[in-house]
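So you can see what is in the structure, the chains are spelled out below.
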Amino acid sequence: MSTTKKTLGRRSFIKNVSLAGGGLVIGFNYLVSCKETPEAKALGMEMPKEWFELNGFLKIGDNGVVTIMSPNPEIGQNVKTSMPMLVAEELDVDWANVIVEQAPLNTDIFTRQLAGGSQSIRAGWEPLRTAGATAREMLKQAAANTWQVPVSEIETKEGFIIHTASDKKVGFGEMASIAAKLEVPENVTLKEKSNFSIIGTSRKNVDGKKIVTGQPLFGLDTQREGMKIAMIVQPPAFGMQLTSINDAEIKQMPGITDVLIIDSYTEDQKLSYFDQAAFTKLAVVVGDTTWQVMQAKKALKAEWELAPEISREMNIFGRTSTVNRPAGLENTSEHIKMMQEIGVDKATLARKDGNPEKAFKNADRVIERSYSCPFLAHNTMEPMNFFANVTENRAELEGPVQTPEIMEKSVSERLGIPLENIDIMMTRMGGGFGRRLYGHFLVEAAVISKEINAPVKLVYTREDDMTNGVYRPAYHATYKAALDANNNLIGFHVIAGGIPESPLAANRFPAGAIDNYLAETWEVPSNITTGAFRAPRSNFIAGAEQSFLDELAEEMGKDPIDLRLELLEKAKNNPVGENNDYDASRYIGVLELVRKTSNWDTSTSKNRGVSAYFCHNSYVAQVLDLEMKGNQPKVKDVYCAVDCGIVVNPDAATNLVEGGIVDGIGHAMYSAITFKEGKPEQKNFDTYRLIRHNEAPEKIVVDFVQSDTDPTGLGEPPFPPIMGAVANALYKATGKRHYHQPFMASQELKG
Amino acid sequence: MATYNLKVNGKKHQVDVEESTPLLWVLRDHLGLVGTKFGCGIAQCGACTVHIDGDAARSCITPVSVAADYAITTIEGISENGDHPVQEAWLEHDVPQCGYCQAGQIMSATALLKKNSSPSDSDIDDAMSGNICRCGTYTRIKKAIKTASNQNLS
């Protein structure tokens, strides 16, 4: 055992509550990991302290069964399994005796819950283990007191408390009620990593059986006595707003009980970043069954008008900023033209090392390439939905949301209901990918319930969901490299921007590896709403940068992995500039590992692309093989090396990496949202192309760097680099460089 | 409104709905069988897949009036105790991430294996490409189908 001192003061941290029926309940939240991370800084996101906090508790029944509450929302990233594993490890319980339950928000025990940014495991690493260890120490103390032996002589193993000298052994359950009466220890010791018996071993998804048998788990599955179904009708285009509806006519339709117009947010309401909604004045149809409401929604006739420019103050991670949405109906063709032209005029300096102007002036050759990507819709398979039952001064809400605590405040602000009278239960989410950070649909459900005075489930159709904004922004980047007569890289220049935000991470690789380096950034406002989409900004800039490095390696006559390693060796041994936001050694580590696992040096595969990237505190390198079948690429094998520190649940982690790779290949090749006169041109999966079974890789090999480093992010890091690997392999297979996503823009759709 | 007699998972049900109502919403709203999922409403994602007389069908575009004469099986009905070989293979490979599409995937896979107990990669691609998994679990689904293949599928 290590003797790490834990800074878990009783007052701020541990709450010991005796249950009426005996047993031990420990409430824990984690305030220890709330510091702003370099990652958050690099992303331009100053995380609120609350971001990394959560509550949970564990119950030990007198039969020895342990219930571990899973505090974070589960969006498919496996936290409902892997976070309780951290508690169970230190508790020393047999995992087979653990029941995991989703913790709700806002009960008497919980005060704060939030999740996001691939930070759940990283932020929970110490606090969750400490919560387990604290309970373990109390159980040991209870046994020591009962047996009249020193606590130092007591051990725990797989749910038992053991005193070898006197040959005593009892289950946790037998000591739970005694332990519950003890003082919570101020300091506890955590296990040595070498003694882990749960962390680092694969444990099945705790909801697996429920999923494969179709049990109700998701928000859309919520059913309540007297519950109505509600659907919204939103403007057909960004830049438009609602004026009137033919409500009298629609109210006559079968099963329809209410037709109304709501303001989901009021004009003077304080908004947070996560309150952004494309449309706040909505027509709403309410009725008895989903199909009846769908029919009425189709029949509803609404009048629309052009919306004015909107300027509103929003609390963005603790700072009040003014967010502007210009008036007008935007077009993708104009966006593309703007992105190609604006960088040169409007870019502002983000980082400069050495004398890049001189390097480019003295260059023997300058290579310049531009890259772009379109807006993307998150398209979680479960469309946005939420249940709400709002009565006079109380609100009960249930459904899929990544930011329950923030949205609770929004409901409180909007309806004037005190926070303590609002309950939110999180359901398992049919995908998140960042979309459900923006919980306006929860507020909409609450407002509808209040207006109609009945419990209601708001359901978005796929078309509502796909045309409702909060998209991945459209991005553009131009890279320039200066080479001298001997093919040495003497200067590097990136100008990156987007609508409405820039993807640039100026301090990431290759910053720090090149003497003369210049990074510039620009942004153009839009009334098309955008938000975080799996690995925000990285999800474009990684692919662009890694494609450019591939082309550069070819121009320089170098192996693409060798070029990256040379640059990283320089960044490691003799870094240029300040604030380089990556650890070159770990970058090198994943590249060397993938070089080995993919047999890079000896493979006869011809159409291979390599890519590597760092984000969310983790390092990923990938090699992708493909072949062309006619004009269709077919991905064969993908090799992936990941350094995310200690891997808590290896098989689930592998699954997540595989998913990120498939997801990245799909979005790079096939997906886009485009606009004509403000209208999204894709509204459902007949026109919005997502990757399908027949387009998935034949084989994905995932290897994790063996590490003693505390865990870092995993949900997002495997996603961005694969887009570069796809582009680089496509070049090998077709002889043509692919600069603009989606690479297979006009392929046939398959339903 | 009309009355329809449905046979779902071996049980008879009577529902009073409009004839255009898709089977999906009858299952979910009227019979409380919410394992069958809503994803797109236009038969493009496969989340709503059920069996109609043993064949995989998209319940979101199948009107109740058409389905009424046939035996319907949903995810809740493919095994008594959740121990169908396909369900077990799904657990063995720990396939689900978010899990939302998996009922539809399993229904497509069981329909495939009933007809073809030893499908090739391309048979699997053909049978499964109508089912989207946004989390990207396709390679695991393929492995699970292969694990379940050549077993005695009821």
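1. Considering unusual backbone geometry
All names here are of chain A.
(1) Moving on: Note that the residue after Phe509, namely Pro510, is joined by a cis bond; omega there is 5°.
(2) Moving on: Structurally, Pro510 can be placed in the loop between strand 24 (489-499) and strand 25 (517-523).
(3) Moving on: A cis geometry characterises the amide bond from Gln741 onward to Pro742, with omega recorded as -5°.
(4) Moving on: Counting through the fold element by element, Pro742 comes out in the segment after helix 17 (719-734).
(5) Moving on: Non-glycine residue Ala535 carries a positive phi angle of around 55°.

2. Remarks on the sheet that holds strand 16 (residues 319-325) of chain A
Neighbouring strands of a sheet are bound in pairs by backbone hydrogen bonds; such pairs are parallel or else antiparallel.
All names here are of chain A.
(1) Moving on: With mixed pairing, three strands are arranged side by side in an open sheet as 12-15-16. The two strands at the open ends of the sheet, each matched to only one other strand, are strand 12 (271-272) and strand 16.
(2) Moving on: Taken together, the seven bridges between strand 15 (residues 310-316) and strand 16 define a ladder with antiparallel strand orientation. Bridging from a neighbouring strand, Arg312 pairs with Val323 of strand 16.

3. Notes on the environment of Asp94 of chain A
(1) Moving on: Tracing the backbone shows Asp94 of chain A in the loop between helix 2 (79-91) and strand 5 (98-102).
(2) Moving on: Non-local contacts of Asp94 of chain A, meaning those with residues more than four positions away in its chain, are made with Glu158 and Gly159 of chain A.

4. Regarding the domain arrangement of chain A
Residue and element names in this part refer to chain A.
(1) Moving on: Entries for chain A in the domain assignment read domain 1 (15-212), domain 2 (219-311 + 384-459) and domain 3 (347-376 + 471-734).
(2) Moving on: Facing 19 residues of domain 1, the contacting portion of domain 2 comprises 22 residues.
(3) Moving on: Taking both sides of the interface into account, the surface hidden between domain 1 and domain 2 amounts to around 1600 Å²; carbon and sulfur atoms contribute 59%.
(4) Moving on: Taking the shortest distance from any N to any O, the salt bridge between Arg428 and Asp207 comes out at 2.9 Å.
(5) Moving on: In this assembly, domain 1 and domain 2 are joined by two residue pairs in polar contact (both at pLDDT 80 or more).
(6) Moving on: The class makeup of the residues in the side of domain 1 that touches domain 2 is ten nonpolar, five polar and four charged.

5. Quick notes on the pattern of salt bridges
Residues and elements named next belong to chain B.
(1) Moving on: Counted according to the given criterion, the structure contains 47 salt bridges over all chains.
(2) Moving on: Between Lys115 and Asp55 there is a salt bridge, with the nearest N and O atoms lying 2.9 Å from each other. Note that Lys115 is positioned in helix 4 (residues 102-115) and Asp55 in strand 4 (residues 55-58), a separation of 60 residues in sequence.
(3) Moving on: For Lys115, a relative accessible area of 66% corresponds to the exposed category.
(4) Moving on: Taking the relative accessible area as the measure of exposure, Asp55 reaches 36% and is therefore partly exposed.
(5) Moving on: Residue Lys142 is joined to Asp125 by a salt bridge in which the shortest nitrogen-to-oxygen separation is 3.0 Å. Taken together, the residues span a long stretch of sequence, with Lys142 in helix 6 (residues 138-148) and Asp125 in helix 5 (residues 121-128) at a distance of 17 residues. Accessibility assignment for this pair places Lys142 and Asp125 in one class, buried.

6. Structural notes on the interface of chain B and chain A
(1) Moving on: Each side of the interface is counted separately: chain B has 53 residues, and chain A has 60 residues.
(2) Moving on: Summed over both partners, the interface of chain B with chain A buries about 5000 Å², with 56% contributed by carbon and sulfur atoms.
(3) Moving on: Considering only the side of chain B, the residues that lose the most area to chain A are Gln97, Arg134 and Tyr138 of chain B, jointly responsible for 16% of the buried surface there.
(4) Moving on: Counting across the chain B and chain A interface gives five salt bridges.
(5) Moving on: Two residues, Arg134 of chain B and Asp663 of chain A, come together in a salt bridge whose shortest N-O distance is 2.9 Å.
(6) Moving on: There are 28 residue pairs in polar contact (both at pLDDT 80 or more) connecting chain B and chain A.
(7) Moving on: Secondary structure elements with two or more residues in the side of chain B that touches chain A: helix 1 (23-30), helix 3 (85-92), helix 4, helix 5 and helix 6 of chain B.
(8) Moving on: The residue inventory of the side of chain B that touches chain A, partitioned by class, reads 22 nonpolar, 20 polar and eleven charged.

7. Structural notes on a negative patch on the surface
All names here are of chain B.
(1) Moving on: Taken together, Glu80, Asp83, Glu88 and Glu92 make up a surface patch of like negative charges.
(2) Moving on: Inspection of the secondary structure assignment puts Glu88 in helix 3.
(3) Moving on: Overall, the relative accessible area of 44% leaves Glu88 in the partly exposed class.

8. Some remarks on helix 5 of chain B
Since the α-helix packs 3.6 residues into each turn, any two residues three or four apart lie on the same face.
(1) Moving on: For helix 5 of chain B, the full list of buried residues reads Ile124, Asp125 and Met128 of chain B. One side of helix 5 of chain B holds all its buried residues, which, seen down the axis, span an arc of 100°.
(2) Moving on: Close packing links the buried residues of helix 5 of chain B with strand 28 (632-643) of chain A together with helix 4 and helix 6 of chain B.

9. Considerations on the domain arrangement of chain B
Residues and elements named next belong to chain B.
(1) Moving on: Domain assignment breaks chain B into domain 1 (2-74) and domain 2 (85-148).
(2) Moving on: Here the C-alpha centroids of domain 1 and domain 2 sit 21 Å apart.
(3) Moving on: Taken together, the contact between domain 1 and domain 2 spans 16 residues of the former and twelve residues of the latter.
(4) Moving on: Our count for the domain 1 to domain 2 interface comes out at one salt bridge.
(5) Moving on: Connecting domain 1 to domain 2 are seven residue pairs in polar contact (both at pLDDT 80 or more).
(6) Moving on: Within the residue set of the side of domain 1 that touches domain 2, elements represented by two or more residues are strand 3 (49-52) and strand 4.
(7) Moving on: For the side of domain 1 that touches domain 2, the class distribution of residues is five nonpolar, eight polar and three charged.

10. Points about helix 10 (residues 404-415) of chain A
Residues and elements named next belong to chain A.
(1) Moving on: Relative to the 16 Å expected for twelve residues at 1.5 Å per residue, helix 10 spans 16 Å between its end C-alpha atoms, a close match to the ideal helical length.
(2) Moving on: Burial of helix 10 is extensive: ten of the twelve residues sit out of reach of the surface.
(3) Moving on: When helix 10 is considered as a whole, its buried residues turn out to be Pro404, Glu405, Ile406, Met407, Glu408, Ser410, Val411, Ser412, Arg414 and Leu415.
(4) Moving on: Contacts made by the buried residues of helix 10 are with strand 11 (256-263), strand 12, strand 19 (385-391), strand 20 (394-399), strand 21 (422-426) and helix 11 (440-452).

Each value, and the rule that gives it
Residues numbered from 1 in each chain as written. Chains lettered and ligands numbered in written order. Predicted model: local features only at pLDDT ≥ 70, side-chain atom pairs only at ≥ 80, totals over all residues. Heavy atoms only, no water. Helix = DSSP H or I, 4+ residues; strand = E, 2+ residues; numbered from the N terminus. Pairing = 2+ DSSP bridges. Contact = heavy atoms within 4.5 Å. Domains from an automatic or database assignment. Buried area = accessible area lost by both parts, 1.4 Å probe. Salt bridge = Lys/Arg side-chain N within 4 Å of Asp/Glu carboxyl O. Polar contact = N/O pair within 3.5 Å; in protein donor to acceptor, adjacent residues only side chain to side chain. Nonpolar A, V, L, I, M, F, W, Y, C, P; charged D, E, K, R; others polar. Buried < 20%, exposed > 50% of the residue type's maximum accessible area, 1.4 Å probe, protein only. Patch = residues over 30% accessible without salt bridge, like charges linked within 9 Å, V, L, I, M, F, W, Y side chains within 5 Å. Areas by Shrake-Rupley, 256 points an atom, 1.4 Å probe, with all protein chains shown as cover. Lys, Arg positive; Asp, Glu negative; His and termini not counted. Charge placed at Lys NZ, Arg CZ, Asp CG, Glu CD. Arc of directions from axis to C-beta. Expected span 1.5 Å × (residues − 1).

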